[in-house]
Amino acid sequence: MFNIKKIFRITSMVLIISVCITLIRDTAHAGEILKNNKIEENQIILGRNKENYIAKLYKKRLELCNDYEKNKEKIEQLDMQLEGEGSTQVSEAYVDKKLMGIENQSDISGEVSGVLKISRIAKPSERGVTWKSTRYITTYLGKQYEIQQLVAQPNSRRSSLSKVYSVNTISKSASKQAAKWNILKSVTGTLLGLSPEVGGTFTAIQTVYSCAKSYDSGLKATSIVKDVEASYNIHYVTEYTLCFIKPKGATDQSQILGYAGNYSTVKISCEMPYISYSKSHVIPKSVKWEKTGTIASPQYTSGKWNYACKFYNNYKKEITGNCHLNLQSHVLKLNNNLSKKFRIPRPNYGF
């Protein structure tokens with residue numbers, strides 16, 4: 001005779017084991033889903049004291065992007081370091097959603113609260129661009145705000161945030177001194193009444209004398225230069241930053257875009273195969289030099305958070321403002337003040 005209780009106990013154990021196996025399998029499957037789909041939102045919120053250190057990591061990464069293939073391993077190490085410090089990689093779709101959230105606050109004319117203009121967004125897929133998100137707490141006029149900083153940098157050699165220009169020049173003169181013959185000068189105007197930030201070689205003027213004096217001891221500052229041939233390779237590598245702001249503790253639905261700007265490192269290689277000066281002297285060999293400069297949106301390295309906080313407060317008071325401080329072009333004066341305008345690479349956000 002069968003033992004009904006024993007059969008029931010065995011059947012129950014089989015069912016429990018089956019349920020456990022199913023749960024384990026489903027949990028493992030869920031783990032694979034999380035593994036294969038990056039968590040889009042970084043919820044680590046950092047104090048302002050971390051901002052300078054993280055900014056230095058981004059700056060170093062951007063410099064390495066001047067030769068992405070050569071420095072790929074170092075760039076990947078910096079990416080891991082940034083992740084460890086609280087900068088999480090996010091997708092373009094995530095960035096689009098953030099910007100479309102701002103866009104959807106606008107009516108057809110682009111008005112928000114009757115005064116604030118927000119540009120329309122028309123962004124195709126970006127090539128070779130990585131976006132990272134970092135959140136910070138900052139204080140402005142006694143109140144605390146949360147800044148979500150989205151930073152775009154190249155992640156391949158053929159990134160749309162990397163651009164090389166080549167320019168060949170020949171110039172003649174009858175009476176210009178070597179120390180007054182300009183070979184490289186950065187020209188910047190103002191944007192919304194604010195001056196772009198420049199660094200490196202762009203803080204000084206390069207001349208025939210400063211570039212070629214070590215090649216020919218006969219060349220003096222007062223030597224009269226007659227002919228100069230110069231070929232330039234100018235490589236822009238750009239970082240782009242969006243700062244979304246809200247009061248500390250508020251939901252992301254309270255965020256507005258408070259600052260948008262860009263920062264470029266510019267590596268300039270020049271070869272001057274022919275320079276003639278006073279009394280038919282010709283510098284005996286080709287003069288080669290390389291310089292690196294930087295150009296950035298106003299307030300980019302010195303005050304973008306304060307700008308975003310001020311913009312937010314003006315927005316709440318329905319005071320018209322503009323948070324888009326991105327630079328679109330850069331003017332350089334080359335051989336004998338030849339003026340050339342170069343487009344600064346940036347994400348295609350339509351503003």
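Residues numbered from 1 in each chain as written. Predicted model: local features only at pLDDT ≥ 70, side-chain atom pairs only at ≥ 80, totals over all residues. Heavy atoms only, no water.

The next thing to look at is the packing of helix H2 (residues 51–64) against helix H3 (residues 72–84). It is at 10 Å that the axes of H2 and H3 come closest, and there the two elements cross at 160°. With respect to their mutual orientation, H2 and H3 come out roughly antiparallel. As for the relative orientation of H2 and H3, their crossing is left-handed in sense. The residues of H3 that touch H2, namely those facing Tyr53, Ile54, Leu57, Tyr58, Lys60, Arg61 and Leu64, are Lys74, Ile75, Leu78, Asp79, Gln81 and Leu82. (Axes fitted to C-alpha atoms, helices over the stretch in contact; angles between N-to-C directions. Helix = DSSP H or I, 4+ residues; strand = E, 2+ residues; numbered from the N terminus. Parallel < 35°, antiparallel > 145°, perpendicular 65-115°, else oblique. Left-handed = near helix turned anticlockwise from the far one by under 90°. Contact = heavy atoms within 4.5 Å.)

The next thing to look at is the pairing of strand E6 (residues 143–154). For E6, the buried fraction is high: ten of the twelve residues fall into the buried class. Direction of pairing for strand E5 (residues 129–140) relative to E6: antiparallel, over a ladder of twelve bridges. Paired with Tyr136 across the strands is Ile147, a residue of E6. (Buried < 20%, exposed > 50% of the residue type's maximum accessible area, 1.4 Å probe, protein only. Pairing = 2+ DSSP bridges.)

All right, on to the pairing of strand E12 (residues 256–277) then. Burial within E12 is extensive, with 17 of its 22 residues counted as buried. Here strand E11 (residues 224–247) pairs with E12 via 19 bridges, running antiparallel. Bridged to Cys243 within E12 is Tyr259. Note that E12 and strand E14 (residues 287–296) share ten bridges and pair antiparallel. Within the sheet, the bridge partner assigned to Ser269 lies in E14 and is Glu290. Joining the antiparallel neighbours E12 and strand E13 (residues 281–282) is a turn of three residues, in which Lys279 adopts a positive phi near 55°.

Our next topic: the packing of aromatic side chains. Per the counting criterion, the structure on display carries nine aromatic pairs. Taking the centre distance of 6.3 Å and the plane angle of 40° together, the rings of Tyr236 and Phe342 count as tilted. In this pair, Tyr236 is assigned in strand E11 and Phe342 in strand E16 (residues 339–343), connecting sequence segments 106 residues apart. Residue classification places Phe342 among the buried positions, given a relative accessible area of 4%. One residue, Lys163, lies across the ring of Tyr165, its end atom 5.5 Å from the ring centre. Looking at Lys304, its charged tip hangs above the ring of Tyr300, at a distance of 4.4 Å from the centre. (Phe/Tyr/Trp six-rings, centres within 6.5 Å; stacked < 30°, edge-to-face > 60°. Lys NZ or Arg CZ within 6 Å of the ring centre and 35° of its normal.)

Quick look at the confidence of the model for the protein chain now. A low pLDDT score tells you not to read the predicted coordinates there in detail. On average, residues of the protein chain carry a pLDDT of 83, and 79% of them reach 70 or more. Scored below 50 in pLDDT, residues 19–40 makes seven contacts in the model with residues more than four places away or belonging to other chains. Per-residue pLDDT stays below 50 along residues 103–122; that stretch engages in 44 contacts with residues further than four places along the chain or on separate chains. (pLDDT = per-residue confidence, 0-100.)

Under the defined criterion, the tally for this structure stands at ten salt bridges. One salt bridge connects Lys246 with Glu146, and the closest N-O pair in it is separated by 3.8 Å. In this pair, Lys246 sits in strand E11 while Glu146 sits in strand E6, placing the two residues 100 residues apart along the sequence. Residue class for Lys246 comes out buried when judged on its relative accessible area of 4%. A relative accessible area of 6% means that Glu146 is categorised as buried. Across the pair Lys267 and Glu290 runs a salt bridge whose closest N-O atoms are separated by 3.9 Å. Of the two residues, Lys267 sits in strand E12 while Glu290 sits in strand E14, which places them 23 residues apart along the sequence. Here the salt bridges do not stand alone but share partners, grouping Lys98, Arg135, Glu146, Lys246 and Asp252 into one network. (Salt bridge = Lys/Arg side-chain N within 4 Å of Asp/Glu carboxyl O.)

What follows is about the sheet that holds E16. Read across the sheet, four strands follow the order E10-E8-E15-E16 without closing on themselves; strand pairing throughout is antiparallel. The open sheet has two free edges, formed respectively by strand E10 (206–207) and E16, since each of these has just one partner strand. Pairing of strand E8 (residues 182–187) with E10, which is carried by two bridges, proceeds in the antiparallel orientation. By the bridge assignment for E10, Asn182 is matched with Thr207.

The subject of this paragraph is H2. Taking 1.5 Å per residue as the helical rise, H2 with its 14 residues ought to reach 20 Å, and the 20 Å between its terminal C-alpha atoms agrees with that figure. Of the residues making up H2, those classed as buried are Glu51, Ile54, Leu57, Tyr58, Arg61, Leu62 and Leu64. Along H2, the residues classed as buried sweep out an arc of 160° about the axis, all on the same side. Looking at H2, the residues exposed on the side facing more than 90 degrees away from the buried face are Asn52 and Lys56. (Expected span 1.5 Å × (residues − 1). Arc of directions from axis to C-beta.)

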